Structure formats: structure tokens, C-alpha cells
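One-letter residues, chain by chain:
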Amino acid sequence: MGKVSAFGLFAICSILVFSCNNKVPIVSEKAPVKEEILLPSIPEGAVIPAFNGKIEIKVVFADNPTSASASFPKLKYNKSKAILMEFDDAALTVTNAYQKLSNAFYTDGCGNKKNYSLGLAVNGKNQYNNKEIGLYTDFAATYTQRLPLIQKGMDIMNHSYYHNEDGNFNNGSDRVKNVRDLDEMILLNERYKMNTLVVPSNYVGFHKAASAYGYIGGSSQGTFDDFVQIGKYNPKNKLSDIKPFNYLAIRRAFSDDWSNNGAQWELANSLFTGNTFDFFEIGTHGIKDPKAVQNFNQWIDNIVLKAKDVAIFCSLREFLEYQYIKDHVTKKETIAGKTLTISLDYATVLNKNISWYDLSLLVNSDKAISSVSINNADFALAFNKTSKLININKRKIKW
């Protein structure tokens, strides 16, 4: 599985470079949308304020250590590889994908399972009839369909209020309006605040607009405005290329070919057969028939098998927010007797849209760990005495 011919390799390269540069199809009078209007879908419970305070983690050793310190691993849960994925255009088949993703797991390195997850890049309104995409059925994933997937780890990404510059309804080349209006729509109807962008087609200016609006990053197959993207020539990316950032642009791959010749197969197989690259991001318009669903499921099974729990499979946002927080949080350490106290001050994490406040820490000490505690019950805590890995987790899904 995953073998390709020379022609197949050419097809893969074509998919990596040229896909998703075509304009999204606009629903025509020959393909009417079913007239079932739904309501906004908002998570239950109160809005939890953004966290900008301090956390103290206390690590108690079996005996007084000669020295003790803690560092942030390059990836959450101390993984060495990552696959980032999104379904574009609020693809309805993301619901089919999550039937598989909800039952595909990696661990957090401390004995807890984490299901695979991804992002859903959405638009605001249909350009043919100006209907709000999240409110009617049989066209794209509705607000109602999105909520349970968000609760399973999915992120909502900004893909522009209108996908194209033309059509019956459009915002022309006003990138700021497209980013802002969609952000406000999702906040109103899902009470969800976006933090990442997928450039629609190959339009310039969207990265600049998203950065100015306070987002943390975005992706495209080949359009990056003035940002120096991760992935200079192709989407096989190195973690070492990521330096501290406020906004990060990433080159992604793209494939709608859900067969064994699809670009996703070559990328996943290459990721786990060497150390030439550490992660890739890939987009798709969805899995639109039973054969595509079957191939998607086989692809996920292949990743689980080959990853051997060294990889995280998640959205661009979850990936970037860990990278951003570990580089911006203020960490201080003190040792007193058997106890190492790690102070994490989130006041220096300036991005206002954080959803995943997660951090991982690796303790370096000559003594065994007896216990670990945290002074904030809003954060889940897990640790591994053998590897000396500590994870803290907190996610905000309602604004």
C-alpha cells in the first residue's frame, strides 16, 4: 500500500502544487440546496475567561536532587512527528471523517488516549444565493453538526466570508472584510473564536489580513504574502525551521484523490521512513463517496500502524498554539529540598484567541519523581514517572 509509479509521482507533485487554486463551485439553479433552515449551535455552560495568570507545578523527588530543571519538548506530549489536516469549504463529509478519527488514537505519553482530530476551514455565505452556510442542510457541515466535533478536538478555521472575489454575492478583493465578517459570524452563531486561516484559492492578502486581525497563523499551497513560510519549496517541513513568531505561514499539501495514488499516502509513508522532515499539513475538499471513505480510513489505519505513537495528528491551530505558548510563556524554577517548583506565567502569552492552553514539560534530574501537583484545577495534569514527562491541558471552546 502506498506504492506509486513514475506517473503517480508526477500526479502527486501536481496535486501538491496546483490543487485548490481553482475557484470553489457555486451552487447553480440546476443543483438547488435543500430548504431546511437550522438554528445556531452554541456550547452549554458559562464562558470561561481567557487565561493570563500564573500556574505552579510542584515536582517532589524521592530524595534531594543534585540538580533539577524542566524544558519544553518541541512537540506536545514529547512527540517527534506531526500530521496537520483540514477539510476545506466546511465539507459535509467531515462528519464521516470523524467516525474514523474518533476511534483512532495516540497517547499523551502518560497513559491517556487522545483521538485524532483536524480543522474545518469554513466560509460564511454561499455566493450564488447568499445563504448562511452553517444554517442549512445538505450543502456543508452545519453549526449543529460542527459542535460535537469541536468537543472531540476539531477546530474551526477562517476560509473567508465569501470564497471567491466574484459570483452573485461577494466582497471583491476586500480581504479584511472577508476575514472580519466571517470571524464575527462564527463568534455569533457558534460562540467560537477562530485563530487560523486557510487562504481561499490562491488570493494574495489574506495572510496579512489574518495577522492584522490577531490570528496566530495560516496555510496555503503557495500564497504567503510577505511572510517567510515554513516549507520553502514543498510541504515536507522541519520543526527546527520554526522560530518564535506572532503569525506563522505554512506551506501545505492538498489532495482530493482518495486512492492509493493520492499525495497523502506518499507524505505519510515518507514521514515515518526517515528523518528528512518532521511534519506536514494537508487539506482536502472531503471524502465524497464510499471508496473515498474507505481509502481515508485505510490511510488513517496506516498512520496509526507506522507512527508507533511518536506522532500527533491534529489541527493547524492546536499545533501552532503549543509552539506559540512554549516560546512566549515565562517559566521560572526553584528547588527547595526534594521539591522543584515550576512557575508558568501566561501573562506574556499575548495572543488573545488561545483555545489550547496545553504545555508539556520534560524534567531533568538525577532523582526519581515521587509526585507532581498543580495549583490550578482548571488544568488537567498527567505525568510519567519513568520518562519524567509532565502534561497540563486546558481547552477553551466558548467565547
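Residues numbered from 1 in each chain as written. Predicted model: local features only at pLDDT ≥ 70, side-chain atom pairs only at ≥ 80, totals over all residues. Heavy atoms only, no water.

Visitor: Even after reading the chapter, I still don't get the pattern of salt bridges, so can you show me in this structure?
Guide: Within this structure, the stated rule accounts for 17 salt bridges. Ionic pairing is found between Asp 183 and Lys 193, a salt bridge with its closest N-O pair at 2.7 Å. In this pair, Asp 183 is assigned in helix α4 (residues 175-190) and Lys 193 in the loop between α4 and β8 (196-198), connecting sequence segments 10 residues apart. Accessibility expressed as a relative area gives 1% for Asp 183, which makes it buried. Overall, the relative accessible area of 13% leaves Lys 193 in the buried class. In this structure, a network of salt bridges that share partners links the residues Lys 76, Glu 318 and Asp 358. (Salt bridge = Lys/Arg side-chain N within 4 Å of Asp/Glu carboxyl O. Helix = DSSP H or I, 4+ residues; strand = E, 2+ residues; numbered from the N terminus. Buried < 20%, exposed > 50% of the residue type's maximum accessible area, 1.4 Å probe, protein only.)

Visitor: I would appreciate a short explanation of the packing of helix α2 (residues 94-101) against helix α7 (residues 290-307) in the present structure.
Guide: For any two helices packed against each other, the geometry is given by the interaxial angle and the distance between the axes. Relative to each other, α2 and α7 sit at 35°, their axes nearing to 10 Å. The handedness of the crossing between α2 and α7 is right-handed. Residues Asn 96, Ala 97, Lys 100 and Leu 101 of α2 form the contact with α7, whose own contacting residues are Val 293, Phe 296, Asn 297, Ile 300 and Asp 301. Of the residues that constitute the contact of α2 with α7, the class distribution is five nonpolar, two polar and two charged. (Axes fitted to C-alpha atoms, helices over the stretch in contact; angles between N-to-C directions. Left-handed = near helix turned anticlockwise from the far one by under 90°. Contact = heavy atoms within 4.5 Å. Nonpolar A, V, L, I, M, F, W, Y, C, P; charged D, E, K, R; others polar.)

Visitor: Can you help me understand α7 in this one?
Guide: Compared with the 26 Å implied by 1.5 Å per residue over 18 residues, the 26 Å span of α7 between its first and last C-alpha is a close match. Along α7, the residues that are buried comprise Ala 292, Asn 295, Phe 296, Trp 299, Ile 300, Asn 302, Ile 303 and Ala 307. Looking straight down α7, one finds its buried side chains confined to an arc of 160°; they lie on one side. Set apart from the buried face of α7 by more than 90 degrees, the exposed residues are Pro 290, Lys 291 and Leu 305. (Expected span 1.5 Å × (residues − 1). Arc of directions from axis to C-beta.)

Visitor: Help me understand the pairing of strand β15 (residues 339-345) in this model?
Guide: Consecutive side chains along a regular strand alternate between the two faces of the sheet. Among the seven residues in β15, six count as buried, and that is most of the element. Judged from the seven bridges that link them, strand β1 (residues 54-61) and β15 form a sheet pairing that is antiparallel. Note on β15: the bridge partner recorded for Ile 55 is Leu 344. Bridge count between strand β14 (residues 330-336) and β15: seven bridges; the pairing is antiparallel. By the bridge assignment, Lys 332 is partnered in β15 with Ser 343. Between β14 and β15, which pair antiparallel in sequence order, lie two residues; one of them, Gly 337, sits at a positive phi of approximately 60°. (Pairing = 2+ DSSP bridges.)

Visitor: When you look at unusual backbone geometry in this model, what are you seeing that I'm missing?
Guide: What you tend to see is this: most non-glycine residues have negative phi, and most peptide bonds are trans. Positive phi, close to 50°, is recorded for Ser 201, a residue that is not glycine. Within the chain, Asp 225 stands out as a residue other than glycine whose phi angle is a positive 55°. Here Asp 225 shows up in the loop between β9 (217-220) and β10 (248-251).

Visitor: What exactly am I supposed to notice about the pairing of β1 here?
Guide: Judged by which residues are buried, β1 turns out to be one-sided: Ile 55, Ile 57, Val 59 and Phe 61 face inward and are buried, whereas Lys 54, Glu 56, Lys 58 and Val 60, on the alternate face, are not. By the bridge criterion, five bridges tie β1 to strand β17 (residues 369-374) in an arrangement that is antiparallel. Within β17, the residue paired with Val 59 across the bridge is Val 372.

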